Amino acid sequence: MDTEDMVRGALRDEAARVAVADWSAGPVWVQVRRQRRGRRMAMGASAVVAALAVVAGTGAALSAQRGGRAAGPASQTLLVPVGPAPEAVVVEPGQQLPLGRQDWWMQLKDQEICIHDAPAYKSGSGCSGHSWAGSTTEITMQYYGAPRQYQEGLYNLVYHGPGQVARMTIELDGQAYWATVASLPGNPGYASGYVWGPSLKASGDSKAYPPEGIKLAAYDAQGRVLASKTLSS
């Protein structure tokens, strides 16, 4: 027997003489199990916190993927007209823009839109306008009735506020129409749109008309809604 075998034998004999008491093994395993459970619980809690952080950071995207609605202001349903929108028009201040009917034209000024309607002004040079408060963001409408036999009217949409208007729509009796957008060069802070549509029925007074239920909307070039409104009587 060489020296290495002798050392191995001595170590085995020494280990055999060491006894582990019954009372010591149990507590050791209990502690081991507790440590393992603690690690599992810690890992689970970390995973939950991480998951909550992910959900909190992407809640809108998750709700959209699942068909829900992200929190935000309520929006009305807007119909999209059939066919492409007419190309927007840029005019100089005071320039007369023909509106598609004889002796009908529009002028855009710094803070005013002026419409020359043939029934009121014939072939003269007068016009009537719409102006607004400089700090107000809004979308509104002017209506000009044509002679009764034509059964149509001019709808003039006006948007004032931030953003560049590329398209405008109006909804009448469940039918949506594109309006031709007109604006001044640069970013004047407002835009006008015009479209010929079915005439509004007068209610008693020949100058009165019920605009209730008409929907107006202005969009930017990316299709985002800049403003929308449903008119009331």
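Residues numbered from 1 in each chain as written. Predicted model: local features only at pLDDT ≥ 70, side-chain atom pairs only at ≥ 80, totals over all residues. Heavy atoms only, no water.

A. Quick look at the overall build of the chain. Check the secondary structure of the chain and you find four helices and twelve strands. Counting contacts in the chain only where the partners sit at least 6 residues apart, residues at least 24 apart contribute 51% of the total. By element, 54% of the accessible surface of the chain is carried by carbon and sulfur atoms, the whole surface being about 15,000 Å². (Helix = DSSP H or I, 4+ residues; strand = E, 2+ residues; numbered from the N terminus. Contact = heavy atoms within 4.5 Å. Areas by Shrake-Rupley, 256 points an atom, 1.4 Å probe, with all protein chains shown as cover.)

B. Representation of the pattern of salt bridges within the structure. This structure, assessed with the given rule, holds two salt bridges. With a shortest N-O distance of 2.9 Å, R101 and E152 are connected by a salt bridge. Within this pair, whereas R101 is found in the loop between β2 (97-98) and β3 (105-108), its partner E152 is found in strand β7 (residues 152-160), the two being separated by 51 residues in sequence. Assessed through its relative accessible area of 36%, R101 is described here as partly exposed. Note on E152: relative accessible area 15%, which makes it buried. Salt-bridge contacts for R224 lead to D220; the nearest nitrogen and oxygen are separated by 3.0 Å. (Salt bridge = Lys/Arg side-chain N within 4 Å of Asp/Glu carboxyl O. Buried < 20%, exposed > 50% of the residue type's maximum accessible area, 1.4 Å probe, protein only.)

C. Molecular detail of the sheet that holds β2. The four strands are arranged β2-β3-β4-β5 in an open sheet whose pairing can be described as antiparallel. For this open sheet the edge positions go to β2 and β5 (128-131), each flanked by a neighbour on one side alone. Relative to β3, β2 runs antiparallel, the two sharing two bridges. Looking across to β3, one finds that P98 is bridged to W105. (Pairing = 2+ DSSP bridges.)

D. Quick look at the confidence of the model for the chain. Chain-level statistics for the chain give a pLDDT mean of 74 and a share of 62% at 70 or above. Note on residues 18-32: pLDDT under 50 across the span, and zero contacts to partners over four residues away in sequence or across chains. Taken together, the stretch residues 36-75 has pLDDT below 50 and engages in five contacts with residues farther than four places along the chain or on a different chain. (pLDDT = per-residue confidence, 0-100.)

E. Structural detail: the pairing of β7. Burial within β7 is extensive, with nine of its nine residues counted as buried. The two faces of β7 match: E152, L154, N156, V158 and H160 on one face and G153, Y155, L157 and Y159 on the other face are all buried. With eight bridges connecting them, strand β6 (residues 138-145) and β7 associate as antiparallel partners. The partner of T140 across the bridge, within β7, is V158. Between the antiparallel neighbours β6 and β7 lie six residues, among them Q151 with a positive phi of about 50°.

F. Local environment of the pairing of strand β10 (residues 190-198). With eight of its nine residues buried, β10 lies for the most part within the structure. Here nine bridges tie β7 to β10, and the two strands are oriented antiparallel to one another. By the bridge assignment for β10, Y155 is matched with V195. In terms of strand pairing, strand β9 (residues 175-183) meets β10 through three bridges, oriented antiparallel. Along β10, the bridge assignment pairs V181 with G193. Hairpin geometry of β9 and β10 is characterised by an intervening segment of six residues between the two adjacent antiparallel strands and by a positive phi of about 75° at G186.

G. Structural context of the environment of G94. Within the secondary structure, G94 is located in the loop between β1 (89-90) and β2. A relative accessible area of 31% means that G94 is categorised as partly exposed. Remark: the alpha-carbon pair of G94 and K109, spanning 15 residues in sequence, is separated by 5.8 Å. Ignoring any residue separated from it by four or fewer positions in sequence, one finds G94 in contact with Q107 and L108.

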